[in-house]
Amino acid sequence: QVQLVESGGGSVQAGESLRLSCAAFGYTFSSYCMGWFRQAPGKEREGVAAIDSDGRAIYIDSMKGRFTISQDNAKNTLYLQMNSLKPEDTAMYHCAARPTYLLRGRCDSDSLRAGFWGQGTQVTVS
């Protein structure tokens with residue numbers, strides 16, 4: 001099974017930036033759909049962004065222009081660059097992965113909900 005380990009979270013002030021990393025171990029398939037989710041206390045988990053094996057990314061509207069998802073295939077690492085952070089961005093951020101062959105359609109957050117999950121890294125913006 002794929003193991004995902006997130007890092008890079010922390011406490012920052014509004015307007016500052018963070019870069020989250022997700023290291024993947026145990027890859028057994030040639031390609032994966034990967035992405036980021038977040039969940040704040042009392043709120044539902046929401047998809048942040050997803051990226052396919054070709055580097056095509058999808059963001060929810062509230063993230064466009066501030067967050068950037070990317071990956072380093074050689075290092076099996078996923079990133080989320082978070083700029084202009086706002087207090088409402090405070091949440092536990094999780095990365096997810098799912099083998100491409102299991103996808104019924106495009107690589108997006110909906111497709112990732114049934115994939116592998118990391119334990120998360122906390123982001124707090126004040």
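Residues numbered from 1 in each chain as written. Predicted model: local features only at pLDDT ≥ 70, side-chain atom pairs only at ≥ 80, totals over all residues. Heavy atoms only, no water.

**Student:** Where do I start with the overall build of the protein in this structure?
**Tutor:** The helix and strand inventory of the protein stands at one helix and 11 strands. Across the protein, helices and strands are ordered from the amino to the carboxyl terminus as β-β-β-β-β-β-β-β-β-α-β-β. Compactness check: the protein gives a C-alpha radius of gyration of 14 Å against a globular reference of 14 Å for 126 residues, within 12% of the reference. Expressed along its principal axes, the backbone C-alpha trace of the protein runs to roughly 40 × 25 × 25 Å. Sorting the 126 residues of the protein into buried and exposed places 42% on the buried side. When contacts within the protein are restricted to residue pairs at least 6 apart in sequence, long-range pairs at least 24 apart make up 59% of them. Taken as a whole, the protein presents about 6700 Å² of accessible surface, with 46% of it coming from carbon and sulfur. Counting 13 positive and 12 negative side-chain charges, the protein places the centres of these two groups 2 Å from one another. (Helix = DSSP H or I, 4+ residues; strand = E, 2+ residues; numbered from the N terminus. Rg over C-alpha atoms; globule rule 2.2 N^0.38 Å. Buried < 20%, exposed > 50% of the residue type's maximum accessible area, 1.4 Å probe, protein only. Contact = heavy atoms within 4.5 Å. Areas by Shrake-Rupley, 256 points an atom, 1.4 Å probe, with all protein chains shown as cover. Lys, Arg positive; Asp, Glu negative; His and termini not counted. Charge placed at Lys NZ, Arg CZ, Asp CG, Glu CD.)

**Student:** Mind showing me how you'd approach the side chain of T121 here?
**Tutor:** With respect to the element layout, T121 can be found in strand 11 (residues 121-125). Beyond its immediate stretch of four places on either side in the chain, T121 contacts E6, S7, G8, G9, L20, A91, M92 and Y93.

**Student:** Can you help me understand the sheet that holds strand 3 (residues 18-25) in this one?
**Tutor:** Adjacent strands of a sheet form backbone hydrogen bonds with each other and so pair up, either parallel or antiparallel. Spatially, the four strands line up as an open sheet ordered 1-3-8-7, and their pairing is antiparallel. Because the sheet does not close on itself, it has two edges, and the strands there are strand 1 (3-7) and strand 7 (67-72). Between one strand axis and the next, the sheet turns by 15° as a mean value, whatever way the strands run. Strand direction decides the pairing type here: strand 1 and strand 3, joined by five bridges, are antiparallel. Along strand 3, the bridge assignment pairs E6 with C22. (Pairing = 2+ DSSP bridges. Axes fitted to C-alpha atoms, helices over the stretch in contact; angles between N-to-C directions.)

**Student:** Even after reading the chapter, I still don't get the pairing of strand 5 (residues 46-51), so can you show me in this structure?
**Tutor:** Along any regular strand, the residues point their side chains to alternate faces of the sheet. With five of its six residues buried, strand 5 lies for the most part within the structure. Pairing analysis gives five bridges linking strand 4 (residues 32-39) to strand 5, with the strands arranged antiparallel. Opposite G35, over in strand 5, you have A50 as the bridge partner. Counted along the chain from strand 4 to the antiparallel partner strand 5, the turn is six residues long, and its residue G42 has a positive phi close to 80°. In this sheet, strand 6 (residues 57-59) lies alongside strand 5 in antiparallel orientation, the contact comprising three bridges. Looking at the pairing, A50 lines up with I58 of strand 6.

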